[in-house]
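In case you want the letters, here they are:
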Amino acid sequence: MSTEQAIRERLAALSPLSLELVDEAHEHVGHGASGGHYQLTIVSEAFRGKPPLARHRLVYEALGDLMSRQIHALKIEAFSPEQF
């Protein structure tokens, strides 16, 4: 399973209404870091009433060990439905 597939599978736990995942590895050629670089835009009811830090924590919890192994950098934009 690719890293992108694993990310999508794990984020399904947040029941996203919308999920856009962009692989930005091409922007980091020669960086020397292991793991991928991704940009995530996710919309979920799970984020309703939560501040940005709490939303990011939910994403990190869902991704678990991928953050320490397969993901080097992750830019997160997390919205509740009414914000999107």
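Residues numbered from 1 in each chain as written. Predicted model: local features only at pLDDT ≥ 70, side-chain atom pairs only at ≥ 80, totals over all residues. Heavy atoms only, no water.

So, the pattern of salt bridges
A side chain of one charge can pair with a side chain of the opposite charge if their charged atoms are brought near each other.
Okay, so step 1: Using the criterion set out here, one finds five salt bridges in the structure.
Okay, so step 2: For Asp65, the salt bridge is made with Arg10, and the minimal N-O distance between the two is 2.6 Å. In this pair, Asp65 is assigned in the loop between helix 2 (52-63) and helix 3 (66-69) and Arg10 in helix 1 (residues 3-11), connecting sequence segments 55 residues apart.
Okay, so step 3: Residue classification places Asp65 among the partly exposed residues on the basis of a relative accessible area of 33%.
Okay, so step 4: According to the relative accessible area criterion, Arg10 is partly exposed, its value standing at 30%. (Salt bridge = Lys/Arg side-chain N within 4 Å of Asp/Glu carboxyl O. Helix = DSSP H or I, 4+ residues; strand = E, 2+ residues; numbered from the N terminus. Buried < 20%, exposed > 50% of the residue type's maximum accessible area, 1.4 Å probe, protein only.)

Some thoughts on the packing of aromatic side chains
Okay, so step 1: All told, the structure shown has one aromatic pair when counted by the stated rule.
Okay, so step 2: Summarising the aromatic geometry, the rings of Phe79 and Phe84 are spaced 5.6 Å apart at their centres and angled 45° between planes, so their arrangement reads as tilted.
Okay, so step 3: Here Phe79 falls in the partly exposed class, since its relative accessible area comes to 25%.
Okay, so step 4: Classification of Phe84 by relative accessible area gives exposed; the value is 60%. (Phe/Tyr/Trp six-rings, centres within 6.5 Å; stacked < 30°, edge-to-face > 60°.)

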